[in-house]
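# Results of the structural survey
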Amino acid sequence: MDLSKLSGKIWLDGELVPWEEARVHVLTHTFHYGLGCFEGVRAYDTPDLGPCIFRLKEHTERLFRSAKILQMDMPWDQDTLNAAQREVVRVNGLTEGYLRPMCFLGSEGMGLRADNLKTHVMIAAWPWPSYMDPEARNRGIKVRTSSYTRHHVNITMCKAKANGNYINSILALREAIDSGCEEALLLDNEGYVAEGSGENVFMVRNGTIYTPELTSCLEGITRDSIFQIAAREGYTIRERRITRDEFYVADEAFFTGTAAEVVPIRELDGRTIGSGSRGPITEQLQGIYFESVRGGQPDYANWLAPVSG
């Protein structure tokens, strides 16, 4: 999909502009140095409320936290950006779609001082049915442990969803795909499991769910959703260090993320995980998650922000 060829409107610095006119100068600071922050957000169709943005408030709050960490002065408040995200879904006539809010530094100057720069904000939305092969939800995916290490907490700001942080993820994912796998598993600088290229990761052993501690991992919103669903269903989730070989002998494993949603892992480094297909706990949590994003779970109705609201 050539995103530049899509039509519609993009919200840019407070105005809705035609899709093909949403441009920035080639000397835009973030384009050169990668200092910016963004969110990946999804809108889903629901039978009673129409299109709804999933956990809109939490995504916008994280965007503002990222901007604060990166010392980017936000020119808009959270209510304005929440309203703008609703607006771009509505004006583009989407019933479901992917949203990309991004904050970037402009072309007001160049250099590492990054001073006297203005923070600009854009929000785009377009149809993006599935990040993974739709069949992967059922059969699971093949994963490779990456030769690239997840960022150390004192090398970059790991709690910011920063543009430049994802160079590492792109390289790791390319390596995994080149090896015949569909996703990468990154270890931290001490050799413990961290996360996927763009997802948090969980494993199941003997009915207990385990996930890495949030040290260098991003504080995922889908991750938090699974925490809440699992607790309500009576499962225990433990956050602790996990070694790669523990994953080899897990009963089940899965990734979570806004783009990937909830996807099982059927194989890691040539070792079959569990039965080699989606496990029962993964299936249960995945099912409830997909019902909740489309308004089928009243317990999680507060996660949905109607576009018409």
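Residues numbered from 1 in each chain as written. Predicted model: local features only at pLDDT ≥ 70, side-chain atom pairs only at ≥ 80, totals over all residues. Heavy atoms only, no water.

An unreviewed UniProt entry lists the protein under the name Branched-chain-amino-acid aminotransferase, from Luminiphilus syltensis NOR5-1B. Its UniProt record, at the heading Function (unreviewed entry), says of the protein: "Acts on leucine, isoleucine and valine." The protein has a UniProt comment under Cofactor (unreviewed entry) that states "pyridoxal 5'-phosphate". (UniProt positions renumbered as here; feature names shortened; annotations may be inferred.)

Take the domain arrangement of the protein next. Here the domain parsing of the protein yields domain 1 (9–127) and domain 2 (134–294). Look at where the C-alpha atoms of domain 1 and domain 2 centre, and you get two points 26 Å apart. Surface buried jointly by domain 1 and domain 2 totals about 2,000 Å² across both partners, of which 57% is contributed by carbon and sulfur atoms. A per-residue breakdown of the area domain 1 buries against domain 2 is headed by Phe-38, Tyr-44 and Arg-62, which together make up 30% of the total. Note that Arg-42 and Glu-261 form a salt bridge whose closest N and O atoms lie 3.8 Å from each other. Linking domain 1 with domain 2 are 13 residue pairs in polar contact (both at pLDDT 80 or more). Where the side of domain 1 that touches domain 2 is concerned, the elements lending two or more residues are strand S3 (36–38), strand S4 (41–46), helix H2 (56–69) and strand S6 (97–105). (Domains from an automatic or database assignment. Buried area = accessible area lost by both parts, 1.4 Å probe. Salt bridge = Lys/Arg side-chain N within 4 Å of Asp/Glu carboxyl O. Polar contact = N/O pair within 3.5 Å; in protein donor to acceptor, adjacent residues only side chain to side chain. Helix = DSSP H or I, 4+ residues; strand = E, 2+ residues; numbered from the N terminus.)

What follows deals with unusual backbone geometry. One non-glycine residue with positive phi stands out, namely Asn-206, at about 55°. Its place among the elements puts Asn-206 in the loop between strand S11 (200–205) and strand S12 (208–211). For Asp-269, which is not glycine, the phi dihedral falls at a positive 55°. In this fold, Asp-269 is placed in the loop between strand S15 (261–268) and strand S16 (271–272). Classification of Asp-269 as partly exposed rests on a relative accessible area of 22%. (Buried < 20%, exposed > 50% of the residue type's maximum accessible area, 1.4 Å probe, protein only.)

So, about the environment of Thr-145. Mapping Thr-145 onto the fold places it in strand S8 (residues 141–149). Placed 38 residues apart in sequence, Thr-145 and Glu-183 show a C-alpha to C-alpha distance of 8.9 Å. Looking at Thr-145, its side chain comes within polar contact range of the side chain of Asp-269, at 2.6 Å.

As a further point, take helix H6 (residues 221–232). Taking 1.5 Å per residue as the helical rise, H6 with its twelve residues ought to reach 16 Å, and the 17 Å between its terminal C-alpha atoms agrees with that figure. Taken together, the buried positions of H6 are occupied by Ile-221, Thr-222, Arg-223, Ser-225, Ile-226, Ile-229 and Ala-230. Of the residues one or two after H6, Gly-234 is the one with positive phi, at around 90°. (Expected span 1.5 Å × (residues − 1).)

A few words on the packing of H2 against helix H3 (residues 78–91). Their axes nearest at 10 Å, the elements H2 and H3 cross at an angle of 125°. Judged by the angle between their axes, H2 and H3 are oblique. Both H2 and H3 take part in a crossing whose hand is right-handed. Of the residues in H3, those in contact with Leu-56, Lys-57, Thr-60, Glu-61, Leu-63 and Phe-64 of H2 are Gln-78, Leu-81, Asn-82, Gln-85 and Arg-86. For the contact of H2 with H3, the class distribution of residues is four nonpolar, four polar and three charged. (Axes fitted to C-alpha atoms, helices over the stretch in contact; angles between N-to-C directions. Parallel < 35°, antiparallel > 145°, perpendicular 65-115°, else oblique. Left-handed = near helix turned anticlockwise from the far one by under 90°. Contact = heavy atoms within 4.5 Å. Nonpolar A, V, L, I, M, F, W, Y, C, P; charged D, E, K, R; others polar.)

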